[in-house]
Amino acid sequence: MRARRSRAVSLLITSVVLTGFLLPGAVAQDEEGPAPAPGTDVQAPAVVDLAQIPAEPPVQPARPAARELFGADCDTEINGSQVVAFCHNSYPQTDLVRLHVECDRWWDVDGDGAAVAVGPAGRVELSGRCWKEVRSAWVSHRRQ
């Protein structure tokens, strides 16, 4: 119990001493007023002339033409070691689609299928496989 009282007394004395050191500086600063930072000039507030503000916003530049839509919509299904992708092209240009299969095992060969042309409103089914598990599968698109 005695150690706690001496610790509390020493903290109280330390705070009183520090306050005694800081108090004269704070009083002197209040009497002089806040001094501007060195190197800064005091400027008058900005004045805005309402006649110089335009009534309408400036003309926006024309937006670039939208890119032409392209590419068949493909759904990919993975069942064990088999991969099947169903693609439907709803655009007027022919799309060359390829199925890519990445196998999970290091010794299993990854497969890149041949490019198949999918005409406008056409459908195609792409298939691939691994010997064991499939890590990922995706379809790439190219313009013909």
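This text follows the structure it describes.
The paragraphs below set out a description of the structure included in this document. Please read all numbers here as calculations on a predicted model, not as lab measurements.

**What about the state of the cysteines?**
Step number 1: Tallied over the entire structure, the rule returns two disulfides.
Step number 2: Residue pairing for Cys 74: its cysteine sulfur links by disulfide to Cys 87, the two sulfurs lying 2.1 Å apart. Between Cys 74 and Cys 87 the disulfide shows an S-S torsion of about 115°. By sign, it is right-handed. Here Cys 74, found in strand S1 (residues 73-79), pairs with Cys 87, found in strand S2 (residues 82-88); they are 13 residues apart in sequence, far enough to count as distant. Here Cys 74 and Cys 87 have matching classes, each one buried.
Step number 3: Covalent S-S linkage joins Cys 103 and Cys 130, the inter-sulfur distance amounting to 2.0 Å. An S-S torsion of about -90° defines the bridge between Cys 103 and Cys 130 as left-handed. One end of the pair, Cys 103, is in strand S3 (residues 95-103); the other, Cys 130, is in the loop between strand S6 (123-129) and strand S7 (134-143), with 27 residues separating them in the sequence.
Step number 4: For Cys 103, a relative accessible area of 4% translates into the label buried.
Step number 5: A relative accessible area of 2% means that Cys 130 is categorised as buried.

**Section: the pattern of salt bridges**
Step number 1: Scanning all chains against the criterion turns up three salt bridges.
Step number 2: Residue Glu 102 pairs with Arg 135 through a salt bridge whose shortest N-O separation is 3.4 Å. Highlighted residues: Glu 102 in strand S3 and Arg 135 in strand S7, separated in sequence by 33 residues.
Step number 3: Classification of Glu 102 by relative accessible area gives partly exposed; the value is 24%.

**Side note on the side chain of Asp 108**
Step number 1: With respect to the helices and strands, Asp 108 occurs in the loop between S3 and strand S4 (111-112).
Step number 2: For the buried residue Asp 108, which engages in no salt bridge, the nearest side chain bearing the opposite charge is Arg 105, 7.0 Å off.
Step number 3: One polar contact links the side chain of Asp 108 to the main-chain amide nitrogen of Trp 131, over a distance of 2.8 Å.
Step number 4: For Asp 108, the side chain forms a polar contact with the main-chain nitrogen of Lys 132, separated by 3.1 Å.

**Observations regarding the packing of aromatic side chains**
Step number 1: A full pass over the atoms with the stated rule returns zero aromatic pairs.
Step number 2: Over the ring of Trp 131 we find Arg 129; its NZ or CZ atom is 5.1 Å from the centre of that ring.
Step number 3: The ring of Phe 70 has Arg 143 lying over it, and the distance from NZ or CZ to the ring centre is 4.2 Å.

Conventions adopted
Residues numbered from 1 in each chain as written. Predicted model: local features only at pLDDT ≥ 70, side-chain atom pairs only at ≥ 80, totals over all residues. Heavy atoms only, no water. Disulfide = S-S within 2.5 Å. Helix = DSSP H or I, 4+ residues; strand = E, 2+ residues; numbered from the N terminus. Buried < 20%, exposed > 50% of the residue type's maximum accessible area, 1.4 Å probe, protein only. Salt bridge = Lys/Arg side-chain N within 4 Å of Asp/Glu carboxyl O. Lys, Arg positive; Asp, Glu negative; His and termini not counted. Polar contact = N/O pair within 3.5 Å; in protein donor to acceptor, adjacent residues only side chain to side chain. Phe/Tyr/Trp six-rings, centres within 6.5 Å; stacked < 30°, edge-to-face > 60°. Lys NZ or Arg CZ within 6 Å of the ring centre and 35° of its normal.

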